[in-house]
Structure formats: C-alpha cells, structure tokens
Amino acid sequence: MKKKITLIALISVLLSTAISNIALSDTTDMVKAFGKIAEIYAEDMLPVLRGPAKSCTPASSQKGLLIIYGKKGNNCHLFYQGIDCNLPEDVLQKFVLSLTVVSDNAKRGYINPNSSADKTLSGIISNPQYCKIQQNSY
C-alpha cells in the first residue's frame, strides 16, 4: 500500500507542476506531455546525480527536484521530489544508480515503472526506515 501511495505522490508531483500549462486533447497528448515532463525532470536532476549525489556533496538541481543536503551522521540527507530521505552509503549508491538509469531512460522517452531500476528506486523511497513524504503545511 505504501508503494502505491508513494507512486501516486510521485506522479502527482510530476504532473501537477507542468500539466496545468498543457492542453490535453486526448490520451496521446497526455502520454506525450508526461514524456516531456519526465524528460525535463531528468535533465534537471542528471547533473546532480552524476556528480555531487554519489559522494553526498551538498548540491541542488535547478528546479529543486533533487537536493543533497550532505552527510548527517552516517547517512546522506537528501530531498527528492517531496520526499525527505536519510540514506546509508550502500543505499545511497543504489538510489543514485537507479535514479540515474530512470532519468536517462526518461530522457530517451522510455518510461517503464516495472523496470528493475524503477522498482529499486520505489523500494528505497517507500521504505520508512529511509524516507518520508513531506506534508504540505496549508
């Protein structure tokens, strides 16, 4: 159930920021729009993933979709699309590799929520031992 909630949260974050500006006339337009959003998000995060994230060096993507705060004890504290995480080194490396693969694939127009990289990423961000969804304070 938590994986479904996390997936729904991620999809709504992706869609809410960009779909409002796109007129969707049919399903094909929606698929194209989602692909374009995924491509934009991937381009935003990849520079951080390919450098600072690997070593948990503080950095932020331009749109703030991925923020590396740095080391917090033995963990890496980061913020990923509304999800606050504290990852041990081994989990951080799996997170970075999986998100890099997912982002590279999205940039090429390939989105598959059943891929091993997507499943690994989902497993990490939905694990309450590592991550929690930030609640909006309205």
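Residues numbered from 1 in each chain as written. Predicted model: local features only at pLDDT ≥ 70, side-chain atom pairs only at ≥ 80, totals over all residues. Heavy atoms only, no water.

Before going further, it helps to examine the sheet that holds strand 2 (residues 66-72). Pairing in this open sheet of five strands is antiparallel, and the strands run 1-2-3-4-5 from one edge to the other. Two strands in the sheet have a free side with no partner beyond their single neighbour: strand 1 (59-60) and strand 5 (131-133). Across six bridges, the pairing between strand 3 (residues 75-80) and strand 4 (residues 83-88) is antiparallel. Within the sheet, the bridge partner assigned to His 77 lies in strand 4 and is Asn 86. (Pairing = 2+ DSSP bridges. Helix = DSSP H or I, 4+ residues; strand = E, 2+ residues; numbered from the N terminus.)

Here the focus is the confidence of the model for the protein. When pLDDT is averaged along the protein, the result is 78, and 72% of the positions lie at 70 or above. Segment residues 1-9 is flagged for pLDDT under 50; beyond a separation of four residues in sequence, or across chains, it makes 11 contacts in the model. In the predicted structure, residues 13-25 sits below a pLDDT of 50 and forms 19 contacts with residues beyond four places in sequence or in another chain. (pLDDT = per-residue confidence, 0-100. Contact = heavy atoms within 4.5 Å.)

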